[in-house]
Amino acid sequence: MIQMFHVEKAYPGDPPTLQDINLRVEKGEFVFLTGPSGAGKSTLLKLVFAAELPTGGQVLVGGHNVGRLRASGIPYLRRNVGVVFQDFKLLPHRTVAENVAFTLEVLGAPRREVEEKVERMLKRVGLLHKAGSFPPRLSGGEQQRVVIARALVNEPTILLADEPTGNLDPALTVDIMDLLRDVNIRGTTVLVVTHDHSLLERYRSRVLRLERGRLVYDGMGPP
Amino acid sequence: MRHSPWVHGVAVLTLGLALFAAGLALGAARWVDALAGSLGGEVEMTVYLAEGQGQAQAEGLLAAVRASHPGVEARAVSPAEALQRLGAQLGDLGAALEGLPDNPLDWSVELRLPRPDRSPEALASLASELRALPSVSGVDYGEQAVARLEGLRRALRWGGLLLLLVVAGVTVVVVSATLQLAIYARREEIEIQKLVGATDGFVKAPFLIEGALQGLAGAGLAGVGLWGAERLGAPRAAELAAFLVGPAGLPPLASPWVLLQLALAGLLLGLAGSFVAVGRFLRV
């Protein structure tokens with residue numbers, strides 16, 4: 001599903017952000033990506049949804065070589081990759097339902113299909129009763145669930161979550177993680193960036209650890 | 001447009017004014033064309049035969065001109081008829097001609113030219129063709145008047161083109177500047193659109209539509225302005241020009257054809273401005 005071969009990412013004038021990354025994430029896996037701040041976790045995630053391109057090596061997502069994709073091909077790659085951001089990136093002047101529908105509108109889905117899928121997705125994340133609310137009036141956990149709903153509503157094969165619980169209290173963290181596990185159980189490959197060690201203990205899954213741009217650990221459970 | 005209605009309103013007003021000015025210039029050019037067309041109706045060419053040439057040569061020339069220029073109306077004028085006309089033109093002084101021992105005038109041929117042959121180039125070509133004939137001593141068709149009229153038309157044409165370029169430049173700058181603001185106001189939405197897999201076309205289309213709508217709205221304003229100008233000023237202008245252009249009068253300022261041209265120009269210029277804006281400020 002996701003493969004990296006000797007991947008490097010460097011910005012002009014700076015030391016490499018990622019160096020010689022080799023990894024393989026299979027379809028349906030749940031993987032934590034951890035490491036200290038500045039280790040290159042977010043950059044690695046950006047390579048998967050082509051927000052950044054590698055300066056060396058190869059990144060394959062669903063069999064497509066990200067580095068060789070034409071600009072016109074990137075949107076089609078992103079339709080298969082849902083992304084959850086730590087800072088939510090919700091549109092404050094659109095309702096919860098409109099924010100979730102946004103993904104489907106971009107794909108040109110028919111109105112009825114959009115309504116049905118949005119309702120189903122909001123029910124799944126437990127926010128159907130907030131469909132008409134605006135994001136600034138929701139709690140942090142609720143906003144994060146809206147983001148997850150938006151990322152999943154077009155049924156992507158991969159879900160990337162960048163510090164999805166970074167701003168949440170422990171109760172809401174469990175709530176969001178349970179939701180991500182549920183998504184994974186239904187067949188979606190999930191890659192979660194976190195520096196919260198307790199999550200690695202609680203949810204025993206495969207863990208990738210980055211330090212100074214290098215992959216230093218790849219195994220089950222925390223290093 | 002809902003993000004900054006005032007900015008878009010000012011943009012539409014500016015476009016309207018620019019297109020109104022262009023519409024007025026276009027109307028003026030068409031008026032001068034009508035004027036030139038009516039003056040052009042008087043274009044005649046007189047071919048003077050050389051001394052000693054008679055009726056047979058005049059009729060031979062008539063036949064040759066009719067054969068080579070089928071649309072030309074031609075007739076031969078005898079020396080006697082020419083002298084009679086001259087006498088009539090001189091009025092009281094015409095009596096002096098009666099004392100002449102011989103008629104000093106020669107045979108001539110008058111040509112009335114069809115509209116396609118009235119351009120300065122066609123007239124000059126026909127005149128030099130006729131001057132080359134041994135039986136012809138001279139050709140007169142009011143070269144200077146024709147040349148001045150053509151100069152005026154050319155000046156208007158180039159002036160109109162220059163004005164059109166200025167209007168086009170202003171429109172493109174105004175539309176792209178307002179769309180830059182619109183792009184800035186929607187930058188979060190654009191970022192999310194890109195992240196969830198929107199194609200370039202999907203992201204750019206609303207801004208192209210916005211530019212096109214601005215152009216159309218500006219053209220609408222200009223159309224209203226031209227209609228108002230016609231209602232207020234055209235009757236007086238038509239009165240002034242009636243003796244020159246005849247009963248057909250001046251062409252209307254805001255005819256459906258002019259309005260259609262304005263709408264098309266507004267649409268194209270609005271689209272051009274939005275293409276510039278999305279090209280410069282919306283890298284997707």
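Residues numbered from 1 in each chain as written. Chains lettered and ligands numbered in written order. Predicted model: local features only at pLDDT ≥ 70, side-chain atom pairs only at ≥ 80, totals over all residues. Heavy atoms only, no water.

Further remarks concern the packing of aromatic side chains. Residue and element names in this part refer to chain A. Evaluation of the coordinates by the stated rule reveals two aromatic pairs over all chains. On the numbers, 6.4 Å between centres and 80° between planes, the contact of F49 with F85 is edge-to-face. Of this pair, F49 sits in the loop between α1 (41-48) and β4 (56-61) while F85 sits in the loop between β6 (81-84) and α3 (96-106); the two residues are 36 residues apart in sequence, bridging distant segments of the chain. Neither F49 nor F85 differs from the other in exposure class; each is buried. (Phe/Tyr/Trp six-rings, centres within 6.5 Å; stacked < 30°, edge-to-face > 60°. Helix = DSSP H or I, 4+ residues; strand = E, 2+ residues; numbered from the N terminus. Buried < 20%, exposed > 50% of the residue type's maximum accessible area, 1.4 Å probe, protein only.)

Turning next to the pairing of strand β3 (residues 108-112) of chain B. Residues and elements named next belong to chain B. The buried fraction of β3 amounts to four of the five residues, a majority that puts the element mostly inside the structure. Pairing of strand β1 (residues 44-49) with β3, which is carried by five bridges, proceeds in the antiparallel orientation. When the bridges of β3 are listed, V47 appears paired with V109. As defined by bridge partners, strand β2 (residues 73-77) adjoins β3 across five bridges and the pair is classed as antiparallel. By the bridge assignment for β3, E73 is matched with R112. (Pairing = 2+ DSSP bridges.)

This part is about the confidence of the model for chain B. Predicted confidence across chain B gives a mean pLDDT of 81, with 88% of residues reaching 70 or more. Quick note on the complex model: pTM equals 0.67, ipTM equals 0.85. (pLDDT = per-residue confidence, 0-100.)

Bringing the environment of A:S37 into the picture now. Mapped onto the elements of the fold, A:S37 is located in the loop between β3 (30-34) and α1. Remark: the alpha-carbon pair of A:S37 and A:R212, spanning 175 residues in sequence, is separated by 9.2 Å.

Turning to the interface of chain A and chain B, a few remarks are in order. Listed by partner, the interface residues are 17 residues for chain A and twelve residues for chain B. Counting across the interface, chain A meets chain B through two salt bridges. Across the salt bridge formed by B:E191 and A:K89, the nearest N and O atoms sit 3.0 Å from each other. Of all elements in the fold, only α2 (74-78) and α3 of chain A reach the threshold of two or more residues within the side of chain A that touches chain B. In terms of residue count, the dominant contributor to the side of chain A that touches chain B is α3(A) (four residues). In the side of chain A that touches chain B, the residues fall into ten nonpolar, one polar and six charged. (Contact = heavy atoms within 4.5 Å. Salt bridge = Lys/Arg side-chain N within 4 Å of Asp/Glu carboxyl O. Nonpolar A, V, L, I, M, F, W, Y, C, P; charged D, E, K, R; others polar.)

Attention now moves to the pattern of salt bridges. If the charged atoms of two oppositely charged side chains come close together, the side chains can form a pair. Residues and elements named next belong to chain A. Here the structure, examined in full by the defined rule, presents 20 salt bridges over all chains. The closest approach of N and O atoms between K130 and E142, which form a salt bridge, is 3.8 Å. One end of the pair, K130, is in the loop between α4 (111-124) and α5 (140-152); the other, E142, is in helix α5, with twelve residues separating them in the sequence. The shortest N-O distance in the salt bridge between D218 and R206 comes to 2.9 Å. On the criterion of sequence distance, the pair formed by D218 in strand β10 (residues 214-220) and R206 in strand β9 (residues 206-211) is long-range, its members being twelve residues apart.

This next bit is on the nonpolar core. All names here are of chain A. Core analysis: the biggest nonpolar cluster contains 38 residues, and F32, L122, L159 and L180 have the highest contact counts within it. When contributions to this core are tallied by element, the ones reaching two or more residues are β3, α3, α4, α5, β7 (158-162), α6 (170-185), β8 (189-193) and α7 (197-202). Among the elements that line this core, the one with the most residues is α5, at six residues. The two domains that each donate at least three residues to this core are domain 1 (1-80 + 158-223) and domain 2 (94-155). Among all residues touching F32, those that are not within four sequence positions of it are M177, V192, T194, L199, L200, Y203, S205, R206, V207 and L208. (Core = buried A, V, L, I, M, F, W, Y, C linked by side-chain atoms within 4.5 Å. Domains from an automatic or database assignment.)

What follows is about the packing of α3(A) against α4(A). Residue and element names in this part refer to chain A. α4 packs onto α3 with a crossing angle of 120° between their chain directions and a minimal axis gap of 9 Å. Relative to α4, the element α3 is oriented oblique. The handedness of the crossing between α3 and α4 comes out as right-handed. In contact with V96, A97, V100, A101 and L104 of α3, α4 contributes V114, K117, V118 and L122. (Axes fitted to C-alpha atoms, helices over the stretch in contact; angles between N-to-C directions. Parallel < 35°, antiparallel > 145°, perpendicular 65-115°, else oblique. Left-handed = near helix turned anticlockwise from the far one by under 90°.)

This paragraph deals with unusual backbone geometry. All names here are of chain A. A positive phi is found at D20, a non-glycine position, where the angle reads about 45°. Mapped onto the elements, D20 comes out in strand β2 (residues 18-25). D20 gets classed as partly exposed once you look at its relative accessible area, which sits at 39%. Even without a glycine there, the phi angle at R212 is positive, about 50°. Structurally, the position occupied by R212 is in the loop between β9 and β10. For R212, a relative accessible area of 76% gives the class exposed.

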